[in-house]
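Fold and contact review
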Amino acid sequence: MIRDNSKGYILELAKKGVRDDGRGLLNYRDIKIEYDISNNAEGSAAVTIGKTRVVCGVKLSTGEPYPDKPDEGSIVVNAEFAPISSPTFEPGAPGEESIELARVVDRGIRESRAVDFKKLCIKSGEKMWMVMIDLYIQNHDGNLIDAAALAAIAALTKAKFPKYDMETDTIDYHEHKKDKLPLVRHPIACTIHKMNGTLFVDPTFDEEALSDARLTVTVSEDGNINAMQKGGQAGLSEDEILKGVEIALEKSNEIRKHLK
Amino acid sequence: MKRPDGRKPEDLRPMEAKVGVIENATGSAMFRIGNTIAIAGVYGPREMHPKRLEDPEKSVIKCYYDMYSFSVPERKRPGPDRRSIELSMVIRNALEPAILTKEFPKSGIDIFVSIIQADAGTRCAAITAASMALADAGIPMKDLVCAVACGNVRDTAVADLNKEEEDVELTTDIPIAYMPRAKKITLLQADGDLTAERFKEALKLGIQGCEQIYELQKKALREKYQVSGEMIEDKD
């Protein structure tokens, strides 16, 4: 957990609007995306934001469409807060944090219809493509939601369909077709934190531990908001929320530029 | 005999090793052999959790082997299964003989290994990576532990089977782990069907392979610490 001596220091700095690594309140750490980090995935990517590193792999399988959407495919997002990535994570079943993260990432992709779900339909009412998006934290130094959402979209941009034989209903994972997954929008999650009344983005682990509240806003390239999630103990005023949305609109455009 | 990827029986696949890949871990390393990639992170020695498992004589080693869901062609359900629980145990048993656990009584050392990409030999890659991670964590050890599979494919003894070879009918897969200085084998498993003579040949290739991996491990560790080494010399 956070060391007591840095606690007072970070809080003191927040009051003055500065940060211990010298960043501005609305500046992200360096963002890097590596593609194709695992070749058995249909698409994969690793995102590093400062010392935080999240990897994502996309696997495709077939399934039966949901009765209410017979002409659409679907996505499943899962996140593993692996204990290799932080002394604060314990081995075991996914906890509430990892489930929340997966669901926030899921909603951003689902609600923006980033993937053209209609094109994932193989046969109406019978067969569809299921897009399994698996996130693994490799090093936790704060801001996992933004890193994970970016890793998911990055991996999706690279995903290709495996060869599928409709007659026998079998997938050959060793052969991939040239056509990519139909990705039509690129939702980006931007999380705004509040500490001592100051709004800021991209917290380190220590800053995040002292954050009073957070608001994740997922924005597509046309500036529409697709998902939001408020977290943390403290409340946010209407002004703070509107300011947060404004920050997210600007920052998401900057972050999206890192996508290839 | 030519192997599917053109190697000679004794040849290992191309390898890569890097020390220091997970910032938060006390020690960490990546090891790639062919298309198999493992990363290992070590935390500790740290306070033992839960406390009742504490040993007044020595540090308690725990090991967790985990395969990424997308590391294999058909998605694997995330989280532990029976296979990963067994592998976690044999990996711990392979590493523990090298660790001077009595140096840190009452503490715990946790070893986590993730398989990012799998093409056979993942438990061996896990051991090789974990051993470097332990050294990187500064945990006193008698020796590094190196591991590779050997076996019998199409009636020929080979080292470092890939998935294609592993899937050939009647293949015997023999993962081994080895401490090169002590010349001790700390992991040995086998499944298949082979003569004692062929086993002897295969084991020899396996040990040779481990010795090559040992050199790469030492090189990767030196690469990380070379910079600080130069700084010390400069002061003198």
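Along chain B, the regular secondary structure elements total four helices and nine strands. Compactness check: chain B gives a C-alpha radius of gyration of 18 Å against a globular reference of 18 Å for 236 residues, within 12% of the reference. Across its three principal directions, the C-alpha atoms of chain B cover 55 × 45 × 35 Å. Considering chain B as a whole, with its 236 residues, one finds that 50% of them fall into the buried category. Counted over contacts in chain B with a minimum sequence separation of 6, partners at least 24 positions apart contribute 71%.

All names here are of chain A. Taken in spatial order, the four strands line up as S10-S9-S11-S12 in an open sheet, and their pairing is antiparallel. The sheet terminates laterally at strand S10 (198-201) and strand S12 (225-232), the two strands that pair on one side only. Recorded for the sheet is a direction-independent mean angle of 20 degrees between the axes of neighbouring strands. Across seven bridges, the pairing between strand S9 (residues 188-195) and strand S11 (residues 213-219) is antiparallel. Opposite alanine 189, over in S11, you have threonine 218 as the bridge partner.

It is worth spelling out helix H1 (residues 82-95) of chain B at this point. Between the first and last C-alpha of H1(B) there are 20 Å, a value that for 14 residues agrees with the 20 Å anticipated at 1.5 Å per step. Along its buried surface, H1(B) packs onto strand S4 (60-67), strand S5 (107-117), helix H2 (122-136), strand S6 (146-153), strand S8 (172-179) and strand S9 (184-188) of chain B.

Interface size is commonly expressed as the accessible surface area that is lost when the partners come together. Contacts between the two partners involve 23 residues from chain B and, on the opposite side, 28 residues from chain A. Secondary structure elements with two or more residues in the side of chain B that touches chain A: strand S3 (36-47), S4 and S5 of chain B. Counting residues per element, the side of chain B that touches chain A draws most heavily on S5(B), which supplies four residues.

Below, the discussion takes up the sheet that holds strand S7 (residues 156-159) of chain B. Residues and elements named next belong to chain B. Strand order in the open sheet formed by four strands is S7-S6-S8-S9, with antiparallel pairing between adjacent strands. For this open sheet the edge positions go to S7 and S9, each flanked by a neighbour on one side alone. Pairwise comparison of adjacent strand axes, ignoring direction, gives a mean angle of 30 degrees for this sheet. Sheet analysis places S8 next to S9, joined by four bridges and oriented antiparallel. By the bridge assignment for S9, tyrosine 178 is matched with isoleucine 185.

What follows covers unusual backbone geometry. The phi angle of most residues is negative, glycine excepted, and most peptide bonds adopt the trans form. All names here are of chain B. Cis peptide bonds are those with omega within 30 degrees of zero, and the linkage from glycine 44 to proline 45 qualifies with 0 degrees. Residue position: proline 45 is located in strand S3. A cis amide bond links histidine 49 with the next residue in sequence, proline 50, at an omega value of -10 degrees. Checked against the element boundaries, proline 50 lands in the loop between S3 and S4.

Right, let's talk about H2(B) for a bit. Residue and element names in this part refer to chain B. Taking 1.5 Å as the rise per residue, H2 with 15 residues should run 21 Å; its terminal C-alpha atoms sit 21 Å apart, in good agreement. Burial analysis of H2 places 15 of its 15 residues in the buried class, which makes it a mostly covered element. Directly after H2, the chain includes glycine 138, whose backbone phi takes a positive value near 80 degrees.

On to the nonpolar core, then. Counting residues in hydrophobic clusters, the biggest one holds 140 residues, and the most contacted among them are Ala148(A), Ala151(A), Ala152(A), Ala40(B) and Ala129(B). Here this core takes twelve residues from helix H3 (residues 144-158) of chain A, the largest share from any one element. In this structure Ala148(A) touches Val54(A), Ala79(A), Leu101(A), Val105(A) and Leu135(A), once residues within four positions along its chain are discounted.

Scored by pLDDT, chain B has a mean of 94; 95% of the residues are at 70 or more. Overall fold confidence (pTM) sits at 0.92, and the ipTM for the predicted complex is 0.89.

This part is about the environment of Ala137(B). Residues and elements named next belong to chain B. Among the structural elements, alanine 137 can be located in the loop between H2 and S6. Looking at alanine 137, the number of C-beta atoms within 10 Å reads 20, which means it is buried. Taking the C-alpha atoms as reference points, alanine 137 and alanine 126, separated by eleven residues in sequence, lie 16 Å from one another. Beyond its immediate stretch of four places on either side in the chain, alanine 137 contacts Thr26, Gly27 and Val42.

All names here are of chain A. The contact between helix H2 (residues 96-111) and H3 brings their axes to 10 Å, and the two run at 45 degrees. The angle between H2 and H3 places the two elements in the oblique class. Seen from above, H2 lies across H3 with right-handed handedness. Only Leu144, Ile145, Ala148, Ala149 and Ala152 of H3 make contact with H2, whose side of the interface consists of Leu101, Val104, Val105, Gly108 and Ile109. In terms of residue class, the contact of H2 with H3 is made up of nine nonpolar, one polar and no charged.

Quick notes on the rules
Within every chain, residues take consecutive numbers counted from 1 along the sequence as written. By the order in which they are written, chains take letters starting at A while ligands take numbers starting at 1. Note on the predicted model: pLDDT of at least 70 is required for a residue's local features to be given, and 80 or more for side-chain atom pairs to be given and counted; whole-chain, interface and lining totals, by contrast, use all residues. The way it works is that DSSP assigns letters per residue, a run of H or I at least four long becomes a helix, a run of E at least two long becomes a strand, and they are numbered from the N terminus. Restricting the calculation to C-alpha atoms gives the radius of gyration, and the globule rule supplies 2.2 Å times the number of residues raised to the power 0.38. Each residue is classed by its C-beta neighbour count within 10 Å, where at least 20 other C-beta atoms makes it buried, 12 or fewer makes it exposed, and intermediate counts make it partly exposed; the C-beta atoms are placed from backbone geometry. By definition, residue pairs are in contact when their C-beta atoms, positioned from the backbone, come within 7 Å. In this analysis, strands are considered paired if DSSP registers two or more bridges between them. To get an axis, a line is fitted to the C-alpha atoms, and for a helix only the part in contact is used. The angle between two axes follows their N-to-C directions and goes from 0 to 180 degrees. The span expected for a helix works out to 1.5 Å for each residue beyond the first. Core membership is restricted to buried Ala, Val, Leu, Ile, Met, Phe, Trp, Tyr and Cys residues, and these are joined into a nonpolar core through C-beta atoms within 7 Å. The predictor attaches a confidence to each residue, called pLDDT, with possible values from 0 through 100. Here the word oblique covers every angle except those under 35 degrees (roughly parallel), over 145 (roughly antiparallel) and from 65 to 115 (roughly perpendicular). Note on convention: the crossing is left-handed when the near helix lies turned anticlockwise from the far helix by less than a right angle, right-handed when the turn is clockwise. Under the convention adopted here, Pro, Cys and the residues Ala, Val, Leu, Ile, Met, Phe, Trp and Tyr are nonpolar, Asp, Glu, Lys and Arg are charged, and Gly plus all remaining residues are polar.

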